[in-house]
Amino acid sequence: AAGTTTIQIADVTGYSELFLQATRDITVASAITMAVNNSIRLEANNNISVNAAVAVSGTGSINLKADADNSGAGNLAIGANITSQVGGITISGATVTRTAGNIAASGAANSNAGNINISATNTVNLGAATVTANGGTASAGNAGRNSGAISISGNGVAMTGTITASGSNGNGANTVGGNAGSVNVTSTNGISIGAATASGGASGAGGAAAGGNAGTIAITNSTAG
């Protein structure tokens, strides 16, 4: 119906997924933190404004979709941290913009990272945001953990922050390092980004274990940009 509907987040975080749909807009006005392994999915035909932190843990995923009706109008506005673990993060809209906050799908202790996918039919402008999907820190006697993959695409991609998809170090003799993931930035109209890193984790001190494999970095722009 016309007007504003307010959802009390404390009433719904106990479910396996918080799934909200709006014909017009969704505004996250208070922080959302789901229980471990539970997910968040928000879809709006127009805009989604993330004005407070959104977080999941474990296998829980975050999926934020502006312009869900594919009309070509709908901004995904990031104004606070968006954080997951191995479940990963998907963000999309006609445009994606950021004024505050960072985006991370790094692994928990002794756990692999999740994937991050950010896409827009028009521009992606993440400002000084960091986008991170590193393997979780290994505790004593454990191997390093693997990174996730990071993908950013749009009709113009701009950011000054860093993109990091690295494996974590092994911790202890004969423990291998975690493998790095891939970083893919694709645009049809220009790319400007900060540093991008996809490094394998070091092996643990002592012994003869191998470090993790390096990842790949691909920055691809069409002839229009």
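You'll find the structure just up there.
These remarks concern the structure in this document. Owing to the predicted nature of the structure, the values given are computational and were not obtained by experimental measurement.

## Overview of the packing of aromatic side chains
The tally for this structure, following the rule as stated, stands at 0 aromatic pairs. If you follow R41 out to its NZ or CZ, it ends over the ring of F19, 3.5 Å from the centre.

## Topic: the sheet that holds strand 13 (residues 116-120)
If you trace the 8 strands from one edge of the open sheet to the other, you get 1-4-7-10-13-16-19-22, paired in parallel fashion. On the outer flanks of this sheet lie strand 1 (17-22) and strand 22 (216-221), each paired with one strand and no other. For this sheet the average axis-to-axis angle between neighbouring strands, irrespective of direction, equals 0°. Pairing between strand 7 (residues 62-65) and strand 10 (residues 89-93): 4 bridges, direction parallel. From the neighbouring strand, I62 faces strand 10, where its bridge partner is I89.

## What about the pairing of strand 13?
Residues I116, I118 and A120 line the buried face of strand 13, whereas the alternating positions N117 and S119 sit on a face that is not buried. Pairing analysis gives 5 bridges linking strand 10 to strand 13, with the strands arranged parallel. Paired with I89 across the bridge in strand 13 is I116. Bridge count for strand 13 against strand 16 (residues 150-154) is 4 bridges, and the pairing is parallel. Opposite N117, over in strand 16, you have S151 as the bridge partner.

Parameters at a glance
Residues numbered from 1 in each chain as written. Predicted model: local features only at pLDDT ≥ 70, side-chain atom pairs only at ≥ 80, totals over all residues. Heavy atoms only, no water. Phe/Tyr/Trp six-rings, centres within 6.5 Å; stacked < 30°, edge-to-face > 60°. Lys NZ or Arg CZ within 6 Å of the ring centre and 35° of its normal. Pairing = 2+ DSSP bridges. Helix = DSSP H or I, 4+ residues; strand = E, 2+ residues; numbered from the N terminus. Axes fitted to C-alpha atoms, helices over the stretch in contact; angles between N-to-C directions. Buried < 20%, exposed > 50% of the residue type's maximum accessible area, 1.4 Å probe, protein only.

Scope: geometric values only; no functional claims are made or implied.
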